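Given next are the chains, with one letter for each unit.
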Amino acid sequence: SAGDRVMLIEDNGEALAERIRMLEHAKQSIVLSTFDFHSDISGKKMLAALWAAAERGVKVKILADGCNSWLRMTGNAYFYALASHENVTIKTYNPVNPLLPFHAMSRMHDKYVIVDDSLYLLGGRNVYDSFLGAQDGPKNYDRDVLVYHEGEKEGSLYQVKAYFEAIWNDSLCKTWNDNHLLRLIPGVKRAGQELEKQYISLKKQEPGWFQTISYQEKTVAANRITLLSNPTCLYSKEPQVFYGLCELMKQAKKEVIWHTPYIINNDYCDKSIKYNFRKDSKRRLFFFFRIFLCKYYRLS
């Protein structure tokens, strides 16, 4: 893609550091989309960095899944503090509604960060300790791709931004506690003050996270980035991503590599894969399955 440069982020500690560095790099806008956001150790560090960005005038938009936001954010003073900031808007996708129980299965698992018109990070990590940071405790092992964009308004960054805006403006997304008066509640006010102190402390503890770096030097040029997405409506969806993958696989001459945490096929998917990769074909299909361990297990 024109002007796209990439790097992989494998380590959980590195994943948190790179996110904080991206937020610190922001001058105009930040977008954070996530399935699950906790106010634990790494979550508070992210909240502090988002708060600090808002304090210096950066417009922050946070999009979270409606179910997990109800579980993690409702009643949480840290999220209320952030939501009450004039430069922060939080929305939730398909909020929990007991009067619409059939909507409950439609969840949003998108996980990405976009900074200005220069950076985005896309992967499988939620915003809490199991996915981010080097602290002790249960770990999920995942992977992110950071894309640095340079040049004109072309490239995959603008595809991600357009995708985000389509969901952000969808009627299924509702603004979460957009009330500046929340900051007057004593507990919320204390939480905001704590985030300010957390940010100052973090800069002292991890000065390398806040240094200006050259993303051009840290990344390598991408030959091509192709982004696929399914419809974002409720209920069953046309499998556009799978159609796109099949078309891409047909272009392969020697091999295709899929990297995925899991794959759940129906009969149609199985038949399509077998058709594209018959025994007499010179093309081979390799599946690299990452193992997501539940929180009761840990790899050393």
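Nothing here was measured: the structure is a model prediction, and the numbers come from that model. (Residues numbered from 1 in each chain as written. Predicted model: local features only at pLDDT ≥ 70, side-chain atom pairs only at ≥ 80, totals over all residues. Heavy atoms only, no water.)

Participant: Quick one: what's the story with the overall build of the protein chain, residue by residue and with numbers?
Facilitator: Each helix and strand counted, the protein chain has 9 helices and 11 strands in total. The globule rule puts the C-alpha radius of gyration for 300 residues at 19 Å, and the 20 Å found for the protein chain is close to it. Along the longest, intermediate and shortest principal axes, the C-alpha atoms of the protein chain span 70 × 50 × 45 Å. The buried share of the protein chain, reckoned over its 300 residues, is 45%. Here the analysis covers contacts within the protein chain between residues at least 6 apart in sequence; of these, 79% occur between residues at least 24 apart. Only carbon and sulfur atoms are counted for the fraction: they give 54% of the accessible area of the protein chain, which is about 16500 Å². Separation of charge centres in the protein chain, based on 41 positive and 34 negative side chains, amounts to 3 Å. (Helix = DSSP H or I, 4+ residues; strand = E, 2+ residues; numbered from the N terminus. Rg over C-alpha atoms; globule rule 2.2 N^0.38 Å. Buried < 20%, exposed > 50% of the residue type's maximum accessible area, 1.4 Å probe, protein only. Contact = heavy atoms within 4.5 Å. Areas by Shrake-Rupley, 256 points an atom, 1.4 Å probe, with all protein chains shown as cover. Lys, Arg positive; Asp, Glu negative; His and termini not counted. Charge placed at Lys NZ, Arg CZ, Asp CG, Glu CD.)

Participant: I'd like a description of the environment of lysine 139, backed by residues and values.
Facilitator: Within the secondary structure, lysine 139 sits in the loop between strand S6 (119–123) and strand S7 (144–149). The class of lysine 139 is buried, set by a relative accessible area of 8%. Through-space distance from the C-alpha of lysine 139 to that of leucine 50 is 24 Å; in sequence the pair is 89 residues apart. Of the polar contacts made by the side chain of lysine 139, one reaches the backbone oxygen of glycine 133; its length is 3.0 Å. Of note is the side chain of lysine 139, whose polar atom sits 2.7 Å from the backbone oxygen of glutamine 135. (Polar contact = N/O pair within 3.5 Å; in protein donor to acceptor, adjacent residues only side chain to side chain.)

Participant: Summarise the packing of aromatic side chains; cite the residues concerned and give the values.
Facilitator: Tallied over the entire structure, the rule returns 10 aromatic pairs. With a centroid separation of 5.3 Å and 15 degrees between ring planes, the pair formed by tyrosine 80 and tryptophan 176 is classed as stacked. Taken together, the residues tyrosine 80 in helix H4 (residues 77–83) and tryptophan 176 in the loop between strand S8 (173–175) and helix H6 (186–205) connect sequence positions 96 residues apart. Comparing tyrosine 80 with tryptophan 176, the two get one shared label, buried. A centroid spacing of 6.0 Å and a plane angle of 65 degrees characterise the contact between phenylalanine 242 and tyrosine 268, whose relative ring orientation is edge-to-face. With phenylalanine 242 in helix H8 (residues 240–250) and tyrosine 268 in helix H9 (residues 267–276), the pair connects residues that are 26 residues apart, well separated along the chain. Taking relative accessible area as the criterion, phenylalanine 242 reaches 10% and is therefore assigned buried. Relative accessible area serves as the criterion here: at 43%, tyrosine 268 is assigned to the partly exposed category. (Phe/Tyr/Trp six-rings, centres within 6.5 Å; stacked < 30°, edge-to-face > 60°.)

Participant: Now, about the pairing of S7: what can you tell me, with residues and values included?
Facilitator: Burial within S7 is extensive, with 5 of its 6 residues counted as buried. With 6 bridges connecting them, strand S1 (residues 4–9) and S7 associate as antiparallel partners. Bridge pairing links arginine 5 to tyrosine 148 in S7. Note: S6 against S7, 5 bridges, orientation antiparallel. Of the residues in S7, the one forming a bridge with tyrosine 120 is valine 147. (Pairing = 2+ DSSP bridges.)

Participant: Describe empty space enclosed by the protein, and please don't skip the residues or the numbers.
Facilitator: Under the criterion given, the structure shown has 1 cavity of 30 Å³ or more. Roughly 60 Å³ of internal volume is contained in the largest cavity. Contributing to the lining of the largest cavity are Arg19, Leu32, Ser33, Thr34, Met46, Lys111, Tyr112, Val113, Arg125 and Val127. Elements supplying a minimum of two residues to the lining of the largest cavity: strand S2 (29–34) and strand S5 (112–115). Considering each element in turn, the lining of the largest cavity owes the most residues, 3 residues, to S2. Residue composition of the lining of the largest cavity, by class: 5 nonpolar, 2 polar and 3 charged. (1 Å grid on protein atoms, 1.4 Å probe; cavity = no way out; pocket = protein on both sides within 12 Å on 5 of 7 lines; lining within 4 Å. Points joined across faces, edges and corners; volume = space filled by probe spheres on them. Nonpolar A, V, L, I, M, F, W, Y, C, P; charged D, E, K, R; others polar.)

Participant: Account for the sheet that holds S7, naming residues and giving values.
Facilitator: In sheet architecture, strand pairing relies on hydrogen bonds along the backbone and comes in two forms, parallel and antiparallel. The strand order across the open sheet formed by 9 strands is S8-S4-S3-S2-S5-S6-S7-S1-S9, and the pairing between neighbours is mixed. The two strands at the open ends of the sheet, each matched to only one other strand, are S8 and strand S9 (220–221). In terms of strand pairing, S2 meets S5 through 4 bridges, oriented antiparallel. Paired with isoleucine 30 across the two strands is valine 115, which belongs to S5. The strands touched by helix H1 (residues 12–25) are S1, S2, S5, S6 and S7; relative to S1, the strand with the most contacts, the crossing angle is about 145 degrees. Docked against the sheet, helix H5 (residues 156–168) engages S1, S2, strand S3 (59–65), strand S4 (88–93), S5, S6, S7 and S8, running at close to 65 degrees with respect to S3. (Axes fitted to C-alpha atoms, helices over the stretch in contact; angles between N-to-C directions.)

Participant: Kindly report on helix H2 (residues 41–55), identifying the contributing residues and their values.
Facilitator: Along its 15 residues, H2 runs 21 Å from first to last C-alpha, staying within 8% of the 21 Å computed at 1.5 Å per residue. Among the 15 residues that make up H2, 12 are buried, leaving the element largely enclosed by the rest of the structure. For H2, the set of buried residues is Ser42, Gly43, Lys45, Met46, Leu47, Ala48, Ala49, Leu50, Trp51, Ala52, Ala53 and Ala54. Where H2 is buried, its residues meet H1, S2, S3, H4, S4 and H6. Among the residues trailing H2, glycine 57 stands out with phi positive, at a value near 100 degrees. (Expected span 1.5 Å × (residues − 1).)

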